[in-house]
Amino acid sequence: MLSLPGGTQRCFQAILLLALIVFLLAGFLHRDIRLFAPLLGGQAEGPPIINVMFLKTHKTASSTVLNILFRFAETHNLSVALPAGSRFHLGYPWLFLARYVEGLEPPGPQRHFNIMCNHLRFNLPEVQKVMPNDTFYFSILRNPVFQLESAFAYYRKDVPAFRAAGSLDAFLAAPRTYYHRGAGLRNAPARNGMWFDLGFDNDAPADEAYVRARLADVERRFQLVLIAEHLDESLVLLRHLLRWRLDDVVAFPLNSRSPRSVAGLSPEARARARRWCALDWRLYEHFNRTLWARVRAELGPRRLRSEVARLRARRRELAARCLQDGEAKSRSQITDRRLRPYQSGVADIMGYNLRRDLDNQTRQMCRRMVTPELQYMAHLYARQFPGKPPKNIPFLED
Ligand SMILES: Nc1ncnc2c1ncn2[C@@H]1O[C@H](COP(=O)(O)OS(=O)(=O)O)[C@@H](OP(=O)(O)O)[C@H]1O
């Protein structure tokens, strides 16, 4: 064995000890920095994600999320995949085709957009023609019982099955009496509407193997699925994954019905709705579970609580700053018709009046937050395609 002189041996031991201390300190500091990360702003490292596809499902709080994305696009000068010509959606209820997007019509040069969030029926290969490879995909689901009740009120005049039934109770008591496949896609909102929006067959039997395969499809494609009943927690997680600022995801609820146009449902009617929309129910149960697992893994309960509190506090602050009386108004109370949301069926869809005493900059910021979907889309379209005829919104002319 090699024997070292006493001085060299001590020196060698000191170097070893020093190396050990540095190693332990580095490990501690690394853990420590991660511990303090939430206090330091808590954002994951890297620039914000700017290529985002949001599958806007129907009657799920999706207009509130769309507003967040439109604002982000406008304030960061990003491009949006908007419906071509005078259309207001991307081909719904037909499966999405790239040519439904303005500026992509063949044989023109294909280009990509940053943000895509208008209603469409999901069709991945065609969406991929529009969005870059590194796009972040996400969507939103709502409890199918309340989603169906909301859809009934909204599409009562348009969906043949709803029109024939007259009331949701009557429809749920005997859905097969009113719902016929012969009516084709026009009946889609009447059964498993979220399953349909994802591009699947909304009339398929809820066989275990089939359901699991489709859930796996959604898991593979969508990095996140928000849940309307837990929108604030969902938005906190979204912000974390996209590395956006707090104000980017603060939003006022849009497209909500006034409480008097919401129908209460008996426990029996709720059970019937869950059975009738069994595919949506499986979808909702699955992604409600995975949302919480995800939140636990990414944020942990303490950080989630503090981030949700921050989000709510900021929303309250902006409501007091921007909104007349700090709250939503029913359709007849909205004074500026350009801020009146589209009204459908028997629903009274609420909107907002802005405070009158706002300076220009604040007014612009507040106005973006309360601009309804169709008006905001028309605004972005005019900005993005100044050479094209502007989108005409007929209900603003009445
Ligand atoms: N957290 C939260 N924030 C905002 N809105 C919420 C939320 N949760 C549910 N909802 C309800 O979602 C309904 C509107 O959904 P959408 O905007 O997706 O409708 S649409 O398909 O674009 O017409 C509309 O439902 P109804 O009021 O029942 O009709 C909203 O009230």
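Below you will find a few notes about this structure. Everything quoted here is computed from the prediction, not taken from an experiment.

Thresholds, definitions, all that
Residues numbered from 1 in each chain as written. Predicted model: local features only at pLDDT ≥ 70, side-chain atom pairs only at ≥ 80, totals over all residues. Heavy atoms only, no water. Near = heavy atom within 4 Å. Areas by Shrake-Rupley, 256 points an atom, 1.4 Å probe, with all protein chains shown as cover. Helix = DSSP H or I, 4+ residues; strand = E, 2+ residues; numbered from the N terminus. Buried < 20%, exposed > 50% of the residue type's maximum accessible area, 1.4 Å probe, protein only. Core = buried A, V, L, I, M, F, W, Y, C linked by side-chain atoms within 4.5 Å. Contact = heavy atoms within 4.5 Å. Pairing = 2+ DSSP bridges. Disulfide = S-S within 2.5 Å. Axes fitted to C-alpha atoms, helices over the stretch in contact; angles between N-to-C directions. Parallel < 35°, antiparallel > 145°, perpendicular 65-115°, else oblique. Left-handed = near helix turned anticlockwise from the far one by under 90°. Nonpolar A, V, L, I, M, F, W, Y, C, P; charged D, E, K, R; others polar.

**Quick notes on the site of the ligand**
Working step 1: The environment of the ligand is formed by 20 residues, the closest being Lys56, Ser62, Ser63, Ser150 and Arg257.
Working step 2: Calculation on the ligand without its partners gives an accessible area of 660 Å², and the protein chains cover 86% of this total.

**Let's talk about unusual backbone geometry**
Working step 1: In this structure, the amide linkage connecting Tyr92 to the following residue, Pro93, adopts the cis form with an omega of 5 degrees.
Working step 2: Locating Pro93 in the fold gives a position in the loop between helix H2 (62-75) and strand E2 (115-116).
Working step 3: The phi dihedral of Ala61 is positive, around 75 degrees, even though this residue is not glycine.
Working step 4: You can see Ala61 is positioned in the loop between strand E1 (52-55) and H2.
Working step 5: Take Ala61: its relative accessible area is 27%, and that puts it in the partly exposed class.
Working step 6: For Asp325, which is not a glycine, the phi torsion comes out positive at approximately 60 degrees.
Working step 7: Structurally, Asp325 can be placed in the loop between helix H14 (301-322) and helix H15 (360-370).

**As for the environment of Ser86**
Working step 1: Inspection of the secondary structure puts Ser86 in the loop between H2 and E2.
Working step 2: According to the relative accessible area criterion, Ser86 is exposed, its value standing at 60%.
Working step 3: Sequence separation between Ser86 and Leu396 is 310 residues, and the spatial gap between their C-alpha atoms is 15 Å.

**Considering the nonpolar core**
Working step 1: In this structure, Met116, Val130 and Phe138 are the most contacted members of the largest nonpolar core, which totals 97 residues.
Working step 2: Non-local contacts of Phe138, meaning those with residues more than four positions away in its chain, are made with Val52, Met53, Phe54, Leu55, Val65, Leu69, Phe222, Leu224, Leu226 and Leu238.
Working step 3: Val145, Leu148, Leu172 and Tyr179 belong to the second-largest nonpolar core, a separate cluster that totals 23 residues.

**Details of the pairing of strand E4 (residues 224-227)**
Working step 1: Here E4 shows two buried faces, one formed by Leu224 and Leu226 and the other by Val225 and Ile227.
Working step 2: As paired elements, strand E3 (residues 136-141) and E4 share four bridges and run parallel to each other. Paired with Ile140 across the bridge in E4 is Leu226.

**So, the state of the cysteines**
Working step 1: For the structure shown, the criterion picks out one disulfide.
Working step 2: Linked covalently through their sulfurs, Cys322 and Cys366 form a disulfide whose S-S length is 2.1 Å. Its S-S torsion of approximately -70 degrees makes the covalent link between Cys322 and Cys366 left-handed. Of this pair, Cys322 sits in helix H14 while Cys366 sits in helix H15, and the two are 44 residues apart along the sequence. Each member of the pair, Cys322 as well as Cys366, is classed as buried.

**Side note on the sheet that holds E1**
Working definition: the strands of a sheet are paired by backbone hydrogen bonds and lie parallel or antiparallel to each other.
Working step 1: The strand order across the open sheet formed by four strands is E2-E1-E3-E4, and the pairing between neighbours is parallel. Each edge of the open sheet carries a strand with a single partner, namely E2 and E4.
Working step 2: Sitting on the sheet, helix H10 (residues 231-242) is in contact with E1, E3 and E4, with an inclination near 155 degrees to E4.

**Comments concerning the packing of H2 against helix H16 (residues 373-384)**
Working step 1: Between H2 and H16, the least distance of the axes is 10 Å, while the angle of their chain directions is 20 degrees. Viewed along their axes, H2 and H16 adopt a mutual orientation that is roughly parallel. The way H2 lies across H16 gives a crossing that is left-handed. Where H2 abuts H16, its residues Ser63, Leu66, Asn67, Phe70, Arg71 and Glu74 lie against Glu373, Tyr376, Met377, His379, Leu380 and Arg383.
Working step 2: Residues belonging to the contact of H2 with H16 are distributed by class as follows: five nonpolar, three polar and four charged.

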